[in-house]
Structure formats: C-alpha cells, structure tokens
Amino acid sequence: MNAPNVLTGIKPTGQPHLANYIAAIKPALELAQQPNQQALYFVANYHALISVHDPEVFRNYTNEVAATWLALGLDPDKVIFYRQTDVPEILELYWVLSCFTPKGLMNRAHAYKAIVDKNAEEGLDVDTGVNMGLYTYPILMAVDILLFQTDLVPVGKDQIQHIEIARDIADNFNRTYGETFRLPKYFVKEETAVVPGLDGRKMSKSYGNTIPLFASSKELRKLIMKIKTDSTPPEAPKDPETSTLFTLYREFATPQQVEEMKRKYQTGIGWGQVKQELFEVIDEALREPREKYHAYLEQPEELNRILEQGAKRAREIARKTLQDVRNRIGC
Ligand code: ADP
Ligand code: TRP
C-alpha cells in the first residue's frame, strides 16, 4: 500500500477564526510534519460558491484562506496545496458519485436538516433558501476526499458526519465495482472538538461570535475582553476544563505556562487577569504569522503561482483515480 494520504479543506466563506486554526489548521500542520505520508490541503472554494455570489468577495476569501495556511507555516514543497476550482476532475467524479448516493442520505445531512427544521418552524416551505449545492454538499466533500485516496481527514467535530457519508458513498461504489476507493477516517482532537466562541457557544461565522485569527493586536485584545465569563469572584477556585478562556489559552501557551495557569485557576485568579494573559500569549504566537499573512495578501500573483503549482500535483493523483473509475464503470 502507498503512503497514507492526509487531506483537509477549508471553505472560504469569511475570515478564518481561532477555532478553524485550533481544530483544523494546527492539527493538520502537525500531521504534515510526520514522515511517510502525503498531506493534501486545499481551499474549498466550490463549497463557498453555495453562499458567496460576489466574484470580488469570492476571490478575496479564497486568497485569505490560502494566505492563512501559508502564513502559519504550510510548506508548499511538501504539502500538495491547491484551490478546489483548479482541479476539474473533482466535478467529473462528482457526477459519478452522485449516482451512488441515496437521496435519503442527503436528507439526513445535518446542515440541510438544520435549514429544513428552521423553515418548518417558521411556517415556510421546507426548502426555502436551499440550492442544490447546499443539498448535495456532502457529495462534493466526499469527492474531495475520495479522489485523492485519502486515509485521514483532520477536522472539527461538526464534520464527522460528512466523513461518514464519504465512507458510505465509497463503500457503495466499491461494492459494485470492487475496491476502488480507500475508506477515509476522521481525525478529531478530543480537547478541541468544539472550540467555544465569545458567547460560549461553538465558535462559528454563522453565530457571529468569532475571533478572527489575524485581527490586529488592538482588536484581538478588545474581543478577548468580551469573552463571556461567570460571576465567580477572583479568589474562588475555578474549573479550567469548563472555561472558554482556558480552552483557548492551552492552545497557544507553553506546557509550563499551561501548568501555571491551571494552578492559578485552583488558587484563585480574576477573569480580567486570565483575559490579559490569554491576550498576551495569543498576540505573541500570532505576531509573525499575522505579518506574513498580510504580506501574502499583497502578492496575489505569488499566491496564484503556489496554488497552481499545487493543483498540477493534485491533478496527477486525481487523473489516476478518475481513469480507474472510468474503466470500472465502462466508459
Ligand atoms: P464556520 O463554522 O465558522 O463556518 P467552517 O465550517 O469553515 O467554520 O470550518 C472549517 C474547519 O474548522 C472545519 O474543520 C470545522 O470542523 C472547524 N471548526 C470550525 N468551527 C469550529 C469550532 N468552533 N470548534 C471546532 N472546530 C471548528
Ligand atoms: N466541509 C468542510 C467545512 O465546512 C470543508 C471541506 C470541504 C472539507 N471539503 C472537504 C474538509 C474535504 C475536509 C475534507 O469546514
């Protein structure tokens, strides 16, 4: 068997935030450092087309996600790094695998179901505001994964269902034509499965409770000060495990700082003080990436060059899988 492939994508629908980094980008970059495997990371801009219909905004979001990965240390010589829209093979396989996806499987996908439930609650037609891209989103995601014979997909917890769907679709195809696709597994870090946002709910662009990864120092401080805490007095012991501030702190501080902070939680520390220390570690950790991020955004041609180079490599793998698929189905 060939070296395992690790693959993940980020949808460019807004500025990347701390949870994207903690749950998806950071573990993916760590995995990419390991020997004897091939990492493939991409900007899922076809997925963003479901909701972003302004070309200028679409291009900017795509560049922002690409610049984010590079600024955080992705090495495009090692990782195959590309834009989804530069790999047309994805769309060919999309049709083929649509024919192996039971409609009922899409009805059960959580993003679609959430909209249907909300529409029903509001007395609207259940499919109001649902385009076919949204409805078949999990098929496109399955293709992203299966086309590259992916073994492992680092993501946040909300994506687990999509990876299970990808396995189901692969299995349907394999049972018909013999072993064609590898069955992917998800990689979810338990501690960061759901990163909380400003209001304590899951940090998400759709809740407007995010901290943008590359906010300026000033804005970062302002947002951290807004994170919701309870009214426990400073001197009272606090539980780090249920604290949004600690969940974020742990991801940016050194192991020694983390131990110290745990002790302070036990002996008593005011939330204001925790916030200040959290701001300091995040600001320090992101200072250099923030500069690099802005530098990349000022060189869109360079971003383009890197992504096109990555797409060339990605397409070599994609073509092999697709040729095999075409042979099997009898084209
Ligand atoms: P958003 O919910 O803000 O639109 P995306 O859907 O673009 O975020 O998520 C990109 C990646 O980041 C996915 O792997 C997703 O699982 C992960 N992710 C996003 N928000 C969180 C969160 N609050 N906790 C854990 N993982 C998250
Ligand atoms: N659905 C993912 C998200 O919302 C983005 C994505 C698209 C993805 N294709 C993928 C993630 C393939 C992992 C693998 O974040």
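Since this is a predicted model, take the numbers as computed values, not measurements.

Draft legend 1. Representation of the UniProt feature "binding site: ATP" (unreviewed entry) in the protein in the model. The feature "binding site: ATP" (unreviewed entry), as annotated in UniProt, sits at K11, P12, T13, G156, K157, D158, V195, K202, M203, S204, K205 and S206 in this numbering. From the list above, the largest pocket is lined by K11, T13, G156, K157, D158, V195, K202, M203, S204, K205 and S206. In this structure, M203 sits in the loop between β5 (185-187) and α10 (217-226). Exposure remark for M203: the relative accessible area of 3% places this residue in the buried category. Discounting residues that sit within four places of it in the chain, M203 has contacts with H17, L18, A19, V195, P196, G197, N209, T210 and I211. Along the chain, S206 turns up in the loop between β5 and α10. Using a relative accessible area of 64% as the deciding quantity, one classes S206 as exposed. Side chain to side chain, S206 and S204 meet in a polar contact 2.8 Å long.

Draft legend 2. Seen up close, the site of ligand 1. The environment of ligand 1 is made up of 18 residues, and the closest members are H17, D158, V195, M203 and K205. The side chain of D158 places a nitrogen or oxygen atom 2.4 Å from an oxygen atom of ligand 1. Separating a nitrogen atom of ligand 1 from a backbone N or O atom of V195 is a distance of 2.7 Å. In isolation ligand 1 has 540 Å² of accessible area, and contact with the protein removes 94% of it.

Draft legend 3. Quick peek at the UniProt feature "binding site: L-tryptophan" (unreviewed entry) in the protein. Per the UniProt record, "binding site: L-tryptophan" (unreviewed entry) is found at D144. Along the chain, D144 falls in helix α8 (residues 137-146). Given the relative accessible area of 3%, D144 is considered buried.

Draft legend 4. Inspection of the nonpolar core at higher detail. Ranked by size, the top nonpolar core spans 57 residues in total, and within it L18, Y41, W69, F81, I211, L278 and I282 carry the most contacts. A per-element tally of this core places helix α1 (residues 18-32) first, with 11 residues. Contacts of I211, omitting those with residues within four sequence positions, involve H17, L18, L198, M203, L220, L223, I224 and I227.

Parameters and conventions
- Residues numbered from 1 in each chain as written.
- Chains lettered and ligands numbered in written order.
- Predicted model: local features only at pLDDT ≥ 70, side-chain atom pairs only at ≥ 80, totals over all residues.
- Heavy atoms only, no water.
- UniProt positions renumbered as here; feature names shortened; annotations may be inferred.
- 1 Å grid on protein atoms, 1.4 Å probe; cavity = no way out; pocket = protein on both sides within 12 Å on 5 of 7 lines; lining within 4 Å.
- Helix = DSSP H or I, 4+ residues; strand = E, 2+ residues; numbered from the N terminus.
- Buried < 20%, exposed > 50% of the residue type's maximum accessible area, 1.4 Å probe, protein only.
- Contact = heavy atoms within 4.5 Å.
- Polar contact = N/O pair within 3.5 Å; in protein donor to acceptor, adjacent residues only side chain to side chain.
- Near = heavy atom within 4 Å.
- Areas by Shrake-Rupley, 256 points an atom, 1.4 Å probe, with all protein chains shown as cover.
- Core = buried A, V, L, I, M, F, W, Y, C linked by side-chain atoms within 4.5 Å.

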